[in-house]
Amino acid sequence: MTIFEQIDPDLLYPDSDGKPMADNTEQYRWIVLIKENLEILFANNDHVLIAGDLLWYPVRSRLITPTAPDVMVVFGRPKGKRCSYRQWQEDNIPPQVVFEILSYSNDTKEMERKLEFYDTYAVEEYYLYDPESFQLDGWLRQNNHLNKLWQMDGWLSPRLGIRFQTGLGELVIYRPDGQRFLNSLELNQRAEHAEFLLEQERQRAEQLAAYLRNLGIDPDNLP
């Protein structure tokens, strides 16, 4: 047993890099929007892990600095609590899709390092969005490297099945069923509207049943 194997892994591979999840409300809004809508999209698949700002250790080495994608998606790993993503404990499956949301503190050198990291450690799709300029950039793994996508308006993610619309200003993301990604308030309003429609339908059914009983017809025994 080496000296590194004798040391507590939590000391060798801490669960935090000490950096905040977001620097401003706009960056945080986009991180939550993407992460939560992907959670909803894959809610019925127990082997799709979706995480926000989770520190990813691709290899068991202190020489490699980990990174924490704003949002990452891992197909083939169970949902559940993670303090960090140590790839050697996850069947050596890397995140296939990662998202980064630019903030004021991100400089060119940092983003170049992240692109190199994702390229080196087998990310299949990488999306970078700047909510200030509405600029969306994307990369797709081809021939064992992440290659820049030059047309993002209407781009369909091969892994996620979601579609990006960039031609009308702020980014809009659509689910495979055509519904756009919604924030928590919009999701709540939609749920309340659906509940209202169900209540209306229930009342109409009760009114019809009462009318049939007045006619001497048992609505529970209709042919």
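Definitions and cut-offs
Each chain carries its own residue numbering, running from 1 in the written order of its sequence. At least 70 in pLDDT is required for a residue's local features to be given in this predicted model, at least 80 for side-chain atom pairs to be given and counted, and no such filter applies to totals for whole chains, interfaces and linings, which use all residues. Side-chain figures throughout are based on the complete set of non-hydrogen atoms in the structure, without hydrogens or water. By the criteria applied, helices consist of DSSP H or I runs no shorter than four residues and strands consist of E runs no shorter than two, each listed in order from the N terminus. When a residue's accessible area, from a 1.4 Å probe over protein chains only, is under 20% of the maximum for its type it is buried; when over 50% it is exposed; and in between it is partly exposed. Nitrogen and oxygen atoms within 3.5 Å of one another constitute a polar contact, given that in protein one can donate a hydrogen and the other can accept it, and given that sequence-neighbouring residues count only through two side-chain atoms. We call two residues in contact when some of their heavy atoms are within 4.5 Å. A pair of strands is labelled paired if DSSP reports no fewer than 2 bridges between them. To get an axis, a line is fitted to the C-alpha atoms, and for a helix only the part in contact is used. The angle between two axes follows their N-to-C directions and goes from 0 to 180 degrees.

The chain appears in an unreviewed UniProt entry as Putative restriction endonuclease domain-containing protein from Nostoc commune NIES-4072.

*Asks:* Tell me about the side chain of Asp137, and please be specific about residues and values.
*Replies:* Within the element layout of this structure, Asp137 appears in strand E7 (residues 135-142). On the basis of relative accessible area, Asp137 is assigned to the buried category, the value being 18%. One polar contact links Asp137 to Gln135, side chain to side chain, over a distance of 3.1 Å. The residues touching Asp137, leaving out its near neighbours within four places in the chain, are Tyr126, Tyr127, Leu128, Lys148 and Met152.

*Asks:* Mind laying out the environment of Gln135, listing which residues take part and the relevant values?
*Replies:* Checked against the element boundaries, Gln135 lands in strand E7. When its relative accessible area of 39% is taken as the criterion, Gln135 is described as partly exposed. Through-space distance from the C-alpha of Gln135 to that of Thr166 is 7.9 Å; in sequence the pair is 31 residues apart. Each residue touching Gln135, except ones within four places of it in the same chain, is listed here: Leu128, Tyr129 and Asp130.

*Asks:* Describe the sheet that holds strand E1 (residues 48-52), listing the residues and the values that go with them.
*Replies:* Sheet strands pair by backbone hydrogen bonding; their relative direction is either parallel or antiparallel. In space, the six strands of this open sheet follow the order E1-E3-E5-E6-E7-E8, with mixed pairing throughout. In the strand order of this sheet, the two ends are held by E1 and strand E8 (145-149), each with one partner. Along the sheet, successive strands turn relative to each other by an average axial angle of 15°, direction set aside. The sheet contact formed by strand E5 (residues 97-101) and strand E6 (residues 125-130) spans five bridges and is parallel. From the neighbouring strand, Ile101 faces E6, where its bridge partner is Tyr129. Each of E1, strand E3 (71-75), E5 and E6 touches helix H3 (residues 25-41); the most contacted strand, E5, lies at about 155° to it.

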